[in-house]
Amino acid sequence: IKCINIFYMMYVLSFFTKILHFLPGELSHLLALKSLKILHASGLLKIFMKINLVEEDDNSTITPFKPLNCKNKLGIAAGLDKDGEYIDCLSALGVGFIEVGTVTPIKQKGNPRPRLFRNKKDRSLLNRLGFNNYGVEALVENLKNRKSKIPIGVSIGKNFDTPNSEAFNDYLYCMEKVYAHSSYIAINISSPNTYDLRELSNDKFLEDLLCKIKLKQIELSKSLPYVPIFLKISPDEEGEDLKKICHAIIKNEIDGIICSNTTTRHKDKNGYGGLSGSPLKKISTKKLLLVKEIVGTKIPVIASGGVMSVSDYNEKIEAGADFVQIYTGFIFEGPKIIHDILFEGIS
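A few points on the structure.

What about the overall build of the protein?
Counting its secondary structure elements, the protein contains 12 helices and 11 strands. For the protein, the proportion of its 347 residues judged to be buried stands at 58%. Nonlocal contacts in the protein, meaning residues at least 24 apart in sequence, comprise 74% of its contacts between residues at least 6 apart. Roughly 15600 Å² of accessible area belongs to the protein as shown, and the carbon and sulfur atoms make up 56% of that amount.

So, in structure tokens, the structure goes:
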């Protein structure tokens, strides 16, 4: 009976997900998350999602990277829940961790609409959202009020009108605000949708930024538990530039890498922006292999980009990923992709 209930729930959620695809991108995402939150609040999600996953207080299958303390290696990528409003309902789906954000010091609207486009044929999303969020203070309140104990990563960025020469102040401000409420902090300097943000990954800014971030981490960890720092990189970095970034990460003792963000190397009919989904898989996995070649086992790597199925998840693990995040796969498949990966994916 339990298996029938699970199958029925997965079918209903998957069907509902497909229906939402006929609506504009941002509207369908909002409705999906609101519906998931209602199901969770009503208790229905909990009833149907008991799928023999490890309970949150059971450490029998904890992943090797102890600071994250995850029950499995599958997580939700940043961008789905920008302000930490849906942590409890997303955690009920069985994932091992959730990354919220990207959040900035001050609330901002992001880029003009329309700014999110779905391509069903290519199974891809094009976004040019531009760090739309309610600001770091609002996120912190949501982190304080969550009931789930699931590990939470917080992706932080700079406001659009902060010049790159002053960007470190935005990152340090956000770090200080979220540090006590995070399992890890992701430094997002690789989004293509904030003007010149990716310039922070070049020699002119990166070394100084990472040094300041590390010093702030050391300062905060004197009075609070140590929180790992991850740097999120672009899949569009060329080989030599990627090597320089990895060496800067090692030199400054940054704790981990997220590989990768969205790509701008596309010809989508909707114009500029970051592309995710199936077309990103090959690009991001290629960069993942190069990153692992450089850092080896010294630094944990979270793989993100193009995970649309169980086989995609397995490919990332086989390429050396310590953890794997999904985003576009969840948009297209709904909770079914989580269920399938956790039951069929390799450990």
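A closer look at the environment of Leu125
In this structure, Leu125 sits in strand E4 (residues 124–127). In sequence terms Leu125 and Asp268 are 143 residues apart; their C-alpha atoms lie 9.5 Å from each other. Discounting residues that sit within four places of it in the chain, Leu125 has contacts with His29, Phe117, Arg118, Gly274, Leu275, Ser276, Tyr327, Thr328, Ile331 and Phe332.

Let's talk about the packing of aromatic side chains
Evaluation of the coordinates by the stated rule reveals three aromatic pairs. Pairing Phe97 with Tyr184 gives two aromatic rings, centres 6.3 Å apart and planes at 65 degrees, and the pair type is edge-to-face. Here Tyr184 lies in strand E6 (residues 184–188) and Phe97 lies in strand E2 (residues 97–103), a separation of 87 residues in the sequence. A relative accessible area of 0% places Phe97 in the buried class. Aromatic pair Tyr184 and Phe230: ring centres 5.0 Å apart, planes at 55 degrees, arrangement tilted. One end of the pair, Tyr184, is in strand E6; the other, Phe230, is in strand E7 (residues 229–233), and 46 residues separate them in sequence.

Some thoughts on unusual backbone geometry
Along the chain, Gly101 connects to Thr102 via a cis peptide bond; the corresponding omega equals 10 degrees. Tracing the backbone shows Thr102 in strand E2. Across the junction of Arg113 and Pro114, the peptide omega takes the value -5 degrees, indicating a cis bond. Phi is positive for Phe131, close to 55 degrees, though the residue is something other than glycine. Here Phe131 lies in the loop between E4 and helix H5 (136–145).

Side note on the pattern of salt bridges
Using the criterion set out here, one finds 15 salt bridges in the structure. One network of salt bridges, with partners in common, ties together Glu176, Lys216 and Glu219.

Section: the sheet that holds strand E3 (residues 116–119)
Strand order in the open sheet formed by three strands is E3-E4-E9, with antiparallel pairing between adjacent strands. A single partner strand is all that each edge strand has here, and the edge strands are E3 and strand E9 (274–277). Shown here is a sheet whose adjacent strand axes are inclined to one another by a mean of 20 degrees, direction ignored. Packed onto the sheet, helix H9 (residues 278–295) meets E4 and E9 and runs at close to 95 degrees relative to E9.

Observations concerning the packing of helix H10 (residues 310–318) against helix H12 (residues 336–344)
It is at 9 Å that the axes of H10 and H12 come closest, and there the two elements cross at 55 degrees. When the axis of H10 is compared with that of H12, the two are oblique. The two elements H10 and H12 cross, and the hand of that crossing is right-handed. Residues Val310, Tyr313 and Asn314 of H10 touch H12, and the partners they reach there are Asp340, Ile341 and Glu344. Here the contact of H10 with H12 is composed, by residue class, of three nonpolar, one polar and two charged.

Here's the deal with the side chain of Asn193
Within the element layout of this structure, Asn193 appears in the loop between E6 and helix H7 (206–220). The exposure class of Asn193 is buried, given its relative accessible area of 9%. For Asn193, the side chain forms a polar contact with the side chain of Asn127, separated by 2.9 Å. Those residues within four positions of Asn193 in sequence are excluded, and the remaining contacts are Asn111, Asn127, Arg128, Leu129, Gly130, Gly273 and Gly274.

Brief notes about helix H8 (residues 239–251)
Think of an α-helix as 3.6 residues a turn; residues three or four steps apart then line up on the same face. Look at H8: 18 Å from first C-alpha to last across 13 residues, which is about the 18 Å you get at 1.5 Å a residue. The complete set of buried residues in H8 reads Leu242, Ile245, Cys246, Ala248 and Ile249. Across the axial projection of H8, the buried residues extend over an arc of 160 degrees, all falling on one side. Opposite the packed face of H8, turned more than 90 degrees from it, sit the exposed residues Glu240 and Lys251. The secondary structure elements touched by the buried residues of H8 are H7, E7, strand E8 (256–259) and H9.

Side note on the state of the cysteines
Across all of its chains, the model carries zero disulfides by this definition. This cysteine, Cys246, is not joined by any disulfide, and Cys259 carries the nearest cysteine sulfur, 8.1 Å off. Assessed through its relative accessible area of 1%, Cys246 is described here as buried.

Focus: the environment of Pro112
Positionally, Pro112 belongs in the loop between E2 and E3. Separated by 17 residues in sequence, Pro112 and Leu129 place their C-alpha atoms 7.9 Å apart.

Scoring rules and cut-offs
Residues numbered from 1 in each chain as written. Predicted model: local features only at pLDDT ≥ 70, side-chain atom pairs only at ≥ 80, totals over all residues. Heavy atoms only, no water. Helix = DSSP H or I, 4+ residues; strand = E, 2+ residues; numbered from the N terminus. Buried < 20%, exposed > 50% of the residue type's maximum accessible area, 1.4 Å probe, protein only. Contact = heavy atoms within 4.5 Å. Areas by Shrake-Rupley, 256 points an atom, 1.4 Å probe, with all protein chains shown as cover. Phe/Tyr/Trp six-rings, centres within 6.5 Å; stacked < 30°, edge-to-face > 60°. Salt bridge = Lys/Arg side-chain N within 4 Å of Asp/Glu carboxyl O. Pairing = 2+ DSSP bridges. Axes fitted to C-alpha atoms, helices over the stretch in contact; angles between N-to-C directions. Parallel < 35°, antiparallel > 145°, perpendicular 65-115°, else oblique. Left-handed = near helix turned anticlockwise from the far one by under 90°. Nonpolar A, V, L, I, M, F, W, Y, C, P; charged D, E, K, R; others polar. Polar contact = N/O pair within 3.5 Å; in protein donor to acceptor, adjacent residues only side chain to side chain. Expected span 1.5 Å × (residues − 1). Arc of directions from axis to C-beta. Disulfide = S-S within 2.5 Å.

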